[in-house]
Amino acid sequence: MKHKVSSMSMGQKTYLQSQKRNAVLIQISRFLIFVFFLIVWESCARLGVIDSFIFSSPSQIFYKMADMIRDGSLFQHVSITLAETLISFALVTVLGIAAAILLWSFPRLSAVLEPYLVVLNSLPKSALAPLLIVWLGSNMRTIVIAGISVAVFGAVLNLYTGFCETDPDKLKLIRTLGGSKADSLFKVVLPSSIPLILSVMKVNIGLSLIGIVIGEMIGSKSGLGYLIIYSSQVLRKRYILKRCDIAFCPSLLCFR
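Residues numbered from 1 in each chain as written. Predicted model: local features only at pLDDT ≥ 70, side-chain atom pairs only at ≥ 80, totals over all residues. Heavy atoms only, no water.

Next up on the list: the overall build of the protein. Along the backbone of the protein there are eleven helices and two strands. Overall, the protein shows an N-to-C arrangement of helices and strands of α-α-α-α-α-α-α-α-α-α-α-β-β. Partitioning the intrachain contacts of the protein with sequence separation of at least 6 by distance along the chain shows that 67% fall at a separation of at least 24. Taken as a whole, the protein presents about 17,400 Å² of accessible surface, with 70% of it coming from carbon and sulfur. (Helix = DSSP H or I, 4+ residues; strand = E, 2+ residues; numbered from the N terminus. Contact = heavy atoms within 4.5 Å. Areas by Shrake-Rupley, 256 points an atom, 1.4 Å probe, with all protein chains shown as cover.)

The subject of this paragraph is empty space enclosed by the protein. Scanning the entire structure with this criterion turns up one cavity of 30 Å³ or more. When its volume is computed, the largest cavity comes out at roughly 30 Å³. If you trace the largest cavity, you find it lined by Val92, Thr93, Ile97, Leu159, Ile197, Val200, Met201 and Asn204. With four residues, the single largest contributor to the lining of the largest cavity is helix 10 (residues 194-219). (1 Å grid on protein atoms, 1.4 Å probe; cavity = no way out; pocket = protein on both sides within 12 Å on 5 of 7 lines; lining within 4 Å. Points joined across faces, edges and corners; volume = space filled by probe spheres on them.)

According to the stated counting rule, one finds two salt bridges in the structure shown. Its salt-bridge partner being Arg46, residue Glu42 comes within 2.6 Å of it at the nearest N-O pair. Remark: Arg46 and Glu42 occur in helix 1 (residues 2-47); sequence separation between them is four residues, near one turn of the helix. The exposure class of Glu42 is buried, given its relative accessible area of 14%. When the shortest N-O distance is used, the salt bridge between Asp67 and Arg70 registers 2.2 Å. Linking Asp67 with Arg70, this pair stays in helix 3 (residues 58-71), spanning three residues, or about one helical turn. (Salt bridge = Lys/Arg side-chain N within 4 Å of Asp/Glu carboxyl O. Buried < 20%, exposed > 50% of the residue type's maximum accessible area, 1.4 Å probe, protein only.)

A few words on the side chain of Ser184. Its location among the elements puts Ser184 in helix 9 (residues 181-192). Setting aside its immediate chain neighbours within four residues, Ser184 contacts Trp104, Leu171, Ile174 and Val189.

To continue, consider the packing of aromatic side chains. This structure, assessed with the given rule, holds two aromatic pairs. Taking 5.8 Å as the distance between ring centres and 45° as the angle between the ring planes, the aromatic pair formed by Phe37 and Trp41 counts as tilted. A residue pair is termed a helical-turn pair when its members lie 3 or 4 positions apart in one helix, as Phe37 and Trp41 do in helix 1 at four residues. Its guanidinium or amino end placed over the ring of Trp104, Lys181 lies 5.0 Å from that ring's centre, counting from NZ or CZ. (Phe/Tyr/Trp six-rings, centres within 6.5 Å; stacked < 30°, edge-to-face > 60°. Lys NZ or Arg CZ within 6 Å of the ring centre and 35° of its normal.)

Bringing unusual backbone geometry into the picture now. Unlike most non-glycine residues, Ser56 shows phi in positive territory, near 60°. Looking at the element boundaries, Ser56 is found in the loop between helix 2 (52-55) and helix 3.

The positions that UniProt labels "transmembrane region" (unreviewed entry) are, in the present scheme, residues 21-41, 86-104, 116-137, 143-163, 184-201 and 207-229. As annotated, residues 21-41 has a helix share of 100% and a strand share of 0%, and its two end C-alpha atoms lie 30 Å apart. Between the end C-alpha atoms of residues 86-104 there is a gap of 27 Å, over a span that is 100% helix and 0% strand. (UniProt positions renumbered as here; feature names shortened; annotations may be inferred.)

A few words now on the nonpolar core. With 25 residues, the main nonpolar core has Val92, Trp104, Leu117, Val152, Phe163, Leu185 and Val189 as its most contacted residues. Put simply, the parts of the chain that give this core at least two residues each are helix 4 (73-105), helix 7 (140-164), helix 8 (168-176), helix 9 and helix 10. For this core, the element with the most residues is helix 7, which contributes eleven residues. For Phe163, the contacting residues outside a window of four places in its chain are Ile97, Ala100, Ile101, Trp104, Val189, Leu190 and Ser193. (Core = buried A, V, L, I, M, F, W, Y, C linked by side-chain atoms within 4.5 Å.)

For the rest of this paragraph, the subject is the side chain of Ser57. Along the chain, Ser57 turns up in the loop between helix 2 and helix 3. Other than its neighbours up to four places away in sequence, Ser57 contacts Trp41, Glu42 and Ala45.

The terminal C-alpha atoms of helix 5 (residues 107-122) lie 22 Å apart, and with 16 residues this matches the ideal 22 Å at 1.5 Å per residue to within 8%. Most pronounced at Leu113, the bend in helix 5 amounts to some 40°, and the proline Pro115 follows within four residues. (Expected span 1.5 Å × (residues − 1). Bend = angle between axes of the 7 residues up to and from the residue.)

A few words now on the confidence of the model for the protein. Overall, the predicted model of the protein reaches an average pLDDT of 83, with 88% of residues at or above 70. Helix 4 holds the highest mean pLDDT among the elements of the protein, 92, whereas strand 2 (residues 253-255) holds the lowest, 42. In this model, residues 1-6 is a region of pLDDT below 50 whose contacts with residues beyond four sequence positions or in other chains number zero contacts. Low pLDDT, under 50, characterises residues 246-256; the predicted model gives this stretch twelve contacts beyond four residues in sequence or across chains. (pLDDT = per-residue confidence, 0-100.)

Structure representation (structure tokens):
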């Protein structure tokens, strides 16, 4: 018996070690792929395979990032976008779960509203953001609403579908034992849907960021979206000057 226990513990130890080695190997492989990508990108830029003026290079990005860190502009824009994204993500999570619970609790209401949710979810959110700017003005509240609009409808539909797919035998057991709708919700539906809720949250954090950046690109003077638009405009002007071979002077444009 002692020999069996010792053998099992050794087997478990070997298994855990193999799992640990596998995890380390995965992390190292991810890092090496990233480093390989950076090396290829930098080499192509330096050898002229790609135009470094258009595609930049890791070294140029690093130097520019260092400059923005020194003057504090990078942290300013990142902090604004991060705050707006977290607010949008929190509201999407709360509104999505609450709306899905409401639709699950009232089947007739869900039958009426489901087509509208599908249509709203299919709308191009980049086209909706300018309307929000016109309706609500250019401010942080509008940017947050733009972020919510990108993720909330899909979250409601996914969560509601998951709630409806709860094991019917468990729900029947609750009703047989005299449980109410609230008992079914809090003791069966929500606990069994925790993996789904976490999965939807993983998607929503990315969608919220996309919505925030879209809103900042259209109607904001700060944040990563504004930084992208500003940088693209500067790049476009410099590219035109480069193509036309124009020397820029402080007061006028002088042709060489």
